[in-house]
Amino acid sequence: MTLCVLRCNKRIQIKELALKIIACIKQVPDSEAKVKAEDGKVTWGDAPLVINPFDEYAVEGALQQEEALGGTVTVLCIGPESARDALKHALAMGADDAVLVSDAALTELDTVGAARVLAAAVNKIGGADMVLFGRQTLDNGSGLTPAQTARVLGWPMLGLAGQIKVDGGSVTVERVIEEGRQTVNAKLPAVLSVVQSIGEPRYPSFMGIRKASKTTIPVWSLADVNTAAPAPIVSRVELMNPPTQEKEVEMITGESPGEIADKLADKILAEKVL
Amino acid sequence: MKTFVYIDHFKGEVQPASWEAIGVAKSFGTAVALVFGTDLDEITKAAFEYGADEVIVVDDSALTDYRAEPYASTLSALASSSSPDLILFPTTARTRELAAMSAVDLNTGVLTDVAKFEMNGEQLVATRPIYEGKVLEKTVCSGKPVMATIPGRAFPKPERVAGTASAAGTLTKAAAKTDALTTVQGYSASESAVNLGDAGVIVSGGRGVSNNPSLTPPAGMDEKQAEVWRAQQGFALITDLAALLGGAVGASRAAVDGGYVTYAHQVGQTGKVVAPDLYIACGISGAIQHLVGMRNSKVIVAINKDADAPVFKQARYGVVGDLFQIVPALTEALRKKLGK
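What counts and what doesn't
- Residues numbered from 1 in each chain as written.
- Chains lettered and ligands numbered in written order.
- Predicted model: local features only at pLDDT ≥ 70, side-chain atom pairs only at ≥ 80, totals over all residues.
- Helix = DSSP H or I, 4+ residues; strand = E, 2+ residues; numbered from the N terminus.
- Buried ≥ 20, exposed ≤ 12 C-beta atoms within 10 Å, placed from the backbone.
- Contact = placed C-beta atoms within 7 Å.
- Pairing = 2+ DSSP bridges.
- Nonpolar A, V, L, I, M, F, W, Y, C, P; charged D, E, K, R; others polar.
- Core = buried A, V, L, I, M, F, W, Y, C linked by C-beta atoms within 7 Å.

Draft legend 1. Local environment of the overall build of chain A. Along chain A, the regular secondary structure elements total seven helices and 15 strands. By its C-alpha atoms, chain A is 95 × 45 × 40 Å across when sized along the principal axes. With 274 residues in all, chain A has 47% of them scored as buried. In chain A, the proportion of contacts linking residues at least 24 apart, taken out of those at least 6 apart, comes to 68%.

Okay, here's the thing in structure tokens:
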């Protein structure tokens with residue numbers, strides 16, 4: 001009996017010291033891709049699908065905390081089978097394990113729906129001390145999912161964290177906003193979105209790539225995470241390419257920088273935009 | 001149609017797109033401005049002067065600092081009790097969280113960065129950029145209220161009519177929700193406030209800004225330090241021109257990644273799409289993300305030493321030349337002609 005209590009206490013203690021971190025990622029077409037609307041669909045030619053670049057900062061932030069305080073980093077992704085590659089990238093960076101949530105019923109998922117599925121998956125994993133996101137994705141770009149996941153979980157939201165410091169049962173972040181930097185604190189567990197100031201994401205190491213190739217990535221269905229497919233509230237009705245705006249450029253030339261500048265200044269003033 | 005317009009402010013400084021949102025709301029019907037925080041008299045007065053039919057003020061010490069949870073709960077409670085059809089926000093770091101959370105509470109959705117609204121019968125259809133603006137989508141929200149955020153300068157700002165305050169509209173005071181889960185412990189202002197979204201003029205620099213061979217960096221710098229030092233001298237020229245025109249300083253991703261200026265200056269890539277009246281690109285070759293981020297500008301001027309640079313395809317006026325000579329000469333020429 002006594003032994004059991006001691007063991008339990010020990011386990012609790014270990015759990016308190018070691019952080020359990022989940023980094024949520026998405027797979028998107030590479031930023032250089034020539035993305036177009038074609039026949040009502042978004043296409044990107046043969047451009048590669050990659051881990052959303054903003055999410056690499058979330059993985060980097062998670063790994064920094066794991067290095068500082070010990071613990072585990074799990075990467076979590078909703079997507080098709082091909083999204084394994086994005087998870088493997090995060091594993092190669094140093095994450096401990098990965099989970100893919102994939103289900104045929106997830107054809108149309110808006111951000112509230114994604115938040116509900118992610119929150120269900122976080123619970124299925126057994127909760128966490130911190131769930132980290134990138135600030136937004138390159139595809140939808142709305143940046144709503146982190147705060148919506150926090151709201152569904154009922155956890156505090158610390159958005160746009162450029163620095164993260166965990167101390168005991170709380171986390172303090174330096175929040176990078178247009179007006180400057182704010183120091184904000186919350187009790188754990190918390191949801192964070194991480195921005196570029198956290199530091200450049202590390203490159204996958206050779207060892208990391210080998211480890212990632214051997215790691216088994218479980219695929220969970222919606223039933224596995226005990227949720228149904230959320231009905232989309234926001235939906236797309238039309239897809240368009242932006243109007244092509246190639247303009248006839250007027251080149252300004254002259255004998256000297258002064259003459260060019262003088263002509264250019266006249267042109268700008270004639271546009272009446274100042 | 002009744003629209004709530006959330007007036008976003010930081011320590012009393014209102015994001016101008018909040019006023020633009022009042023203009024959009026008026027075009028649909030009744031505009032009810034929501035003002036949260038403390039010491040809100042000035043903002044309330046301005047909301048009426050920009051045309052709000054009603055202002056709901058929630059003045060509570062629990063809302064002194066913006067914090068996502070109590071702000072979202074306060075908004076959700078107001079929306080539940082007075083059932084607006086639409087809630088509009090200017091797109092900012094705060095409203096993305098606030099709208100996101102409130103949408104979960106109200107089981108509705110948020111259409112972000114809307115560039116255009118149209119009605120299809122009873123349904124509001126919003127056009128918004130996706131894939132960094134490479135593609136546009138028309139979206140609808142089946143929940144109620146519909147929530148939408150608008151970027152700066154996408155819609156005309158209504159004229160401010162002084163003296164209309166409170167005489168015209170109804171002022172309601174409402175209670176705050178105080179379920180704060182976070183504590184704000186400190187704040188430091190940016191060294192230079194960067195607000196590209198609302199700037200009428202943007203002068204931007206790219207990688208080319210570090211390529212001035214005629215500069216000799218101070219002794220003892222390594223190659224990278226020398227590059228950054230050169231770029232900072234170049235950005236000083238850009239800053240001079242921006243300051244003369246009352247504009248903001250922008251940068252390409254290459255300039256930000258090179259460490260020449262901070263991330264806050266970056267145009268493109270982060271979804272930071274700008275649309276000033278005048279955009280001057282200096283030493284920027286024109287990667288697709290950058291072009292997508294600035295091509296809605298009214299007049300684009302490109303200065304680059306490479307005549308084949310893609311940036312010239314988006315420009316109204318182009319100069320093939322050395323930006324280190326052209327930019328200061330342009331600053332001087334405009335200073336004279338503007339009589340400044």
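Draft legend 2. Seen up close, the pairing of strand S12 (residues 190–194) of chain A. Residues and elements named next belong to chain A. Across the five residues of S12, five count as buried, placing the element largely inside the fold. Across the two faces of S12 the burial is the same, with Ala190, Leu192 and Val194 and Val191 and Ser193 all buried. Note: strand S8 (residues 130–134) against S12, five bridges, orientation parallel. Bridge pairing links Met130 to Ala190 in S12.

Draft legend 3. Examining the interface of chain A and chain B more closely. Listed per partner, the contact involves 66 residues of chain A and 72 residues of chain B. Counting residues per element, the ones that place at least two in the side of chain A that touches chain B are strand S3 (36–38), helix H4 (111–125), helix H5 (145–153), strand S9 (157–167), strand S11 (180–187), strand S14 (234–240), strand S15 (250–251) and helix H7 (257–270) of chain A. In terms of residue count, the dominant contributor to the side of chain A that touches chain B is H7(A) (ten residues). When its residues are assigned to classes, the side of chain A that touches chain B shows 34 nonpolar, 17 polar and 15 charged. In this sheet, strand S18 (residues 317–320) of chain B lies alongside S15(A) in parallel orientation, the contact comprising two bridges. Bridge pairing links Met251(A) to Gly318(B) in S18(B).

Draft legend 4. Spotlight on the nonpolar core. Of all hydrophobic cores here, the largest spans 130 residues; its most connected members are Ala23(A), Val75(A), Ala90(A), Val5(B), Ala33(B), Leu34(B) and Leu88(B). The element best represented in this core is H4(A), accounting for nine residues. Formed by 61 residues, the second largest nonpolar core is a distinct cluster that contains Leu237(B), Ala254(B), Ala275(B) and Met294(B).

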